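# Examining the three-dimensional arrangement
Listed below are the residues making up each chain.
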Amino acid sequence: MQKSLLIDADKCTGCLQCEMACSVSAEGSFNPSKSRIKIFPFHDEGVFVPYTCTQCDEAWCLHACPVEAIQLNKETGAKEVINDLCVGCKVCTISCPFGTINYNADSGKVIKCDLCGGDPECAKACPTDAITYVDANWTGYDKMKASAAKAIPGQPAS
Amino acid sequence: MHHVIIGAGPAGVVAAETLRKADPSAKITILGKEKEPPYSRMAIPYKLKGKIEEEGMYLRHDTEHFKALDIDIRQVNVDKINSDSKTVDLSDGSQQGYDKLLIATGATPLTPPVKGMELPGVHKSWTMDDMRGIESLATKGAKVVQIGAGFIACTNMEGIVARGVELTIVEMEDRMVPRMMDEIAGNMIKDWCIDQGVNVLTNGMVTSIEESSNGASRYQVTVKQKGAVAAAEPVAEAKESGGILSAIKDALFGGGSAVPETAPVSDEVKLDADLVIVATGVRANTGFLEGTDIAVDQGILINENMETSVADIYAAGDCAQGKDFSTGQQEVHAIQPVAVEHGRFAAQNMLGRSVENPGSLNMNVLDAVGLISCSYGLWMGVEGGDSVKVVEKDMWRYLNLQFDGDVLVGSTAIGTAQHMGAMRGLIQMRVNLGEWKSILMEEPTRVMEAYLALTQSTVIK
Ligand SMILES: Cc1cc2nc3c(=O)[nH]c(=O)nc-3n(C[C@H](O)[C@H](O)[C@H](O)COP(=O)(O)OP(=O)(O)OC[C@H]3O[C@@H](n4cnc5c(N)ncnc54)[C@H](O)[C@@H]3O)c2cc1C
Ligand code: SF4
Ligand code: SF4
């Protein structure tokens, strides 16, 4: 069975270890602004919400791409940006209704979570198990994904 | 079952692939008039920029892709549809029968009624051939005049500017991207472009393109400009500052320091040009439907099942006028993501599944020589709806949210390229913002927070 990132915001302390680990792994430098996973603080409630691509079935980003630069990794289920093909048009960034694929002006291409090929650094770096990589159908994203899928036309990526 | 698709752009190709996935045995034929393998015309600016080779513009990169799917692509033009006999007439003199027919013929750029449009250095920016023509003339230092500053014209600008040309944009309206951006946003983009060294003439109408005899360039482009007096004001400053202001001055007065301070202000401007790019809008490709019963307005009228007014004939993409998500009316969208959505819905209905298109959301993202902007849905607002905006001119940032009751129905953003898609989520899921509405009215930049709080209610109480 394919694995998914399981996010438990209740456990997140906002330490940003995941953002660090992600940017080091993906960009080769400590640069949280380039992280594929983001921690959103809700100061009033004292809550931190780790947020990244759910590798949703509809893959709006993938279908919107005009040059086939986002492809399905059949092994991990991740929708991966193929850097050599990406022209940086950003159509995917406005198509993903979750806002989880972003433009990186330095590279002129887009970045999104690719599950690190099946061994996600964020999950390994998280000291509180707020992010885990598990065999699970129910990752807490399902509810959110389902509501988007109902409202916005899409189709499976495979 | 034989599915025949006219047009090998994104709409036609996605329809063919969707048909194949659902029906391994159906016969699928794409009839497309262009000689290249199916490609994406919206990749033109990136080829001009040198980011990719021509192959990088192809819709599918595996050369065996269509063969493997047993999708037959024929390079031929469809001249006529005979719905009575369920056949189409082809440019090679033959006929092709169909059971279900999809029209995915896209659009064609308009040719404004201007003298000189037929000159060899005047190009559209629409096909692979157009792109090659532009490439050959838009060399370093070349003087380029682009007519039009609409969305497609502006995406194209990125590619042209990167080639090191001297670019002047002439736009009839008072701002850039007038049909995608409000006045504040359109003018902010204009000011940015001017800052980047692009000469922008708004309220300008090109009246002729002629062979030039002044030796400075190949052509001379004549522009009639409304309100040239106001536009000419900075000229006095230009004396000291040079740079872009003197470029404007050159543009307005046809050149150089020879212009006396007291020069009479004329509303006619002459521009030097080695290449003229025409990007003044497009029209749906429906001409070949004349004489059929297929109803056409701005585009081919289709219902929620993507059907035209004639049985077993469907339409998708830039050529189609289908349901809009925001207004519920039939509109031509003419954007890539909608072409793909259309193609998929059309295929599902051609398979006899009656899948209704809930409506396509208008959305655009633009990179105007480095300034990123996007707009969604009813960015111009609705009657009786609230709206809020933050303008940060010195930061090149702008955000405008439009509400209908407590639902976000449209937005414009400049200068923030992160998590833009969340606005699509809020709009298209018709999320009731509840108490977040008043928070956003106070602090619109917290839109991502609102999105997370409202869609991830499992984690944020
Ligand atoms: C420079 C440029 C930049 C763009 N940038 C963006 C952008 O940033 N974002 C965005 O969303 N969109 C953008 N677009 C628009 C986008 O490319 C179109 O919306 C998209 O290509 C529409 O796809 P389509 O399949 O409907 O039509 P097309 O891609 O036009 O394909 C239709 C095909 O049908 C063929 N055809 C027409 N008539 C016939 C006939 N009678 N017989 C046989 N074949 C025929 C045509 O030759 C063509 O190949 C851009 C377009 C251009 C030109
Ligand atoms: S980036 Fe968005 S559309 Fe693409 S797979 Fe992830 S959640 Fe889905
Ligand atoms: S930015 Fe890259 S990945 Fe995204 S749609 Fe454009 S080409 Fe595809």
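Everything quoted here is computed from the prediction, not taken from an experiment.

We now examine the interface of chain B and chain A. A common way to express how large an interface is: the accessible area buried when the components associate. Taken together, the contact between chain B and chain A spans 51 residues of the former and 45 residues of the latter. Taken together, both faces of the contact between chain B and chain A bury some 4000 Å²; the carbon and sulfur share is 60%. Linking chain B with chain A are one salt bridge, by the criterion used here. Linking A:Lys90 and B:Asp367 is a salt bridge whose minimum nitrogen-to-oxygen distance equals 2.8 Å. Linking chain B with chain A are 13 residue pairs in polar contact (both at pLDDT 80 or more), by the criterion used here.

Looking now at the sheet that holds strand S18 (residues 300-301) of chain B. All names here are of chain B. The strand order across the open sheet formed by three strands is S18-S20-S21, and the pairing between neighbours is mixed. What marks the edges here is a single partner per strand, and that holds for S18 and strand S21 (330-331). Relative to S21, strand S20 (residues 320-323) runs antiparallel, the two being bridged by two bridges. Paired with lysine 323 across the two strands is glutamine 330, which belongs to S21.

Locating A:Thr52 in the fold gives a position in the loop between strand S3 (47-51) and helix H2 (60-64). A polar contact of 2.8 Å, which involves the side chain of A:Thr52, links it to the backbone oxygen of A:Arg36.

Now for the sheet that holds strand S4 (residues 78-82) of chain B. Residues and elements named next belong to chain B. The strand order S4-S5-S6 describes an open sheet built from three strands, whose pairing is antiparallel. Of all the strands in the sheet, the pair left with one neighbour each is S4 and strand S6 (95-97). With direction set aside, neighbouring strand axes in the sheet form an average angle of 25 degrees. Here four bridges tie S4 to strand S5 (residues 87-90), and the two strands are oriented antiparallel to one another.

Here we take up helix H5 (residues 151-161) of chain B. Given 3.6 residues to a turn, an α-helix orients residues that are three or four positions apart in the same direction. The buried fraction of H5(B) is high, at eight of 11 residues. Every buried residue of H5(B) is accounted for by B:Ala153, B:Cys154, B:Thr155, B:Asn156, B:Met157, B:Glu158, B:Gly159 and B:Ile160.

What follows is about the nonpolar core. All names here are of chain B. Counting 103 residues, the largest nonpolar core has Met157, Met176, Ile189, Cys193 and Tyr451 as the members making the most contacts within it. Residues in contact with cysteine 193, not counting those within four places in the same chain, are Met157, Met176, Val198, Val200, Ala368 and Val369. With 43 residues, the next largest nonpolar core counts Ile28, Ala104, Met306 and Ala346 among its residues.

Moving on, we come to the site of ligand 2. Near ligand 2 the following residues occur: A:Cys53, A:Thr54, A:Gln55, A:Cys56, A:Trp60, A:Cys61, A:Cys96, A:Phe98, A:Thr100, A:Ile101 and A:Lys112. Of the residues that constitute the shell around ligand 2, the class distribution is seven nonpolar, three polar and one charged.

Residues and elements named next belong to chain B. Looking at the assigned domains, one finds that chain B contains domain 1 (2-109 + 282-350), domain 2 (122-227 + 267-278) and domain 3 (370-456). Relative placement of domain 1 and domain 2: their C-alpha centres are 31 Å apart. Listed per partner, the contact involves 19 residues of domain 1 and 17 residues of domain 2. Together, the buried faces of domain 1 and domain 2 total about 1700 Å²; carbon and sulfur atoms form 62% of this surface. Broken down residue by residue, the surface that domain 1 buries against domain 2 is led by Ile44, Leu48 and Pro109, which jointly contribute 35%. In this structure, aspartate 129 engages lysine 35 in a salt bridge whose closest nitrogen and oxygen atoms are separated by 3.0 Å. In this structure, the connection of domain 1 to domain 2 is made through nine residue pairs in polar contact (both at pLDDT 80 or more). For the side of domain 1 that touches domain 2, the secondary structure elements donating two or more residues are helix H2 (44-48) and strand S8 (107-109). Take the side of domain 1 that touches domain 2: its biggest share by element is five residues, from H2. Residue classes in the side of domain 1 that touches domain 2 are distributed as 10 nonpolar, one polar and eight charged.

We now examine the site of ligand 1. Around ligand 1 sit 34 residues, and of these B:Glu34, B:Arg41, B:Val78, B:Asp318 and B:Gln336 come closest. At the site occupied by ligand 1, nearby residues are drawn from chains A and B. Here B:Pro10 contributes a backbone N or O atom positioned 3.2 Å from an oxygen atom of ligand 1. The contact in question runs from an oxygen atom of ligand 1 to an N or O atom on the backbone of B:Gln336, over 2.8 Å. Protein burial of ligand 1: of its 1000 Å² of free accessible surface, 96% is covered by the chains. Within the residue set of the shell around ligand 1, elements represented by two or more residues are helix H1 (10-22), strand S2 (27-32), H5 and helix H10 (336-350) of chain B. Of the residues that constitute the shell around ligand 1, the class distribution is 18 nonpolar, 12 polar and four charged. Three or more residues apiece are contributed to the shell around ligand 1 by two domains, here domain 1 (2-109 + 282-350) and domain 2 (122-227 + 267-278) of chain B.

Another point: the pairing of strand S10 (residues 143-147) of chain B. Residue and element names in this part refer to chain B. Of all five residues that make up S10, four are buried, and the element is covered over most of its length. When S10 meets strand S11 (residues 166-170), the two strands line up parallel, connected through five bridges. Paired with valine 145 across the two strands is threonine 168, which belongs to S11. Taken together, S10, H5 and S11 form a β-α-β motif whose crossover is right-handed. Summarising the sheet, S10 and strand S16 (residues 275-278) pair through four bridges and their orientation is parallel. If you follow glutamine 146 over to S16, its bridge partner there is isoleucine 277.

Thresholds applied
Residues numbered from 1 in each chain as written. Chains lettered and ligands numbered in written order. Predicted model: local features only at pLDDT ≥ 70, side-chain atom pairs only at ≥ 80, totals over all residues. Heavy atoms only, no water. Contact = heavy atoms within 4.5 Å. Buried area = accessible area lost by both parts, 1.4 Å probe. Salt bridge = Lys/Arg side-chain N within 4 Å of Asp/Glu carboxyl O. Polar contact = N/O pair within 3.5 Å; in protein donor to acceptor, adjacent residues only side chain to side chain. Pairing = 2+ DSSP bridges. Helix = DSSP H or I, 4+ residues; strand = E, 2+ residues; numbered from the N terminus. Axes fitted to C-alpha atoms, helices over the stretch in contact; angles between N-to-C directions. Buried < 20%, exposed > 50% of the residue type's maximum accessible area, 1.4 Å probe, protein only. Core = buried A, V, L, I, M, F, W, Y, C linked by side-chain atoms within 4.5 Å. Near = heavy atom within 4 Å. Nonpolar A, V, L, I, M, F, W, Y, C, P; charged D, E, K, R; others polar. Domains from an automatic or database assignment. Areas by Shrake-Rupley, 256 points an atom, 1.4 Å probe, with all protein chains shown as cover. Right-handed = clockwise from strand over helix to strand, strands pointing away.

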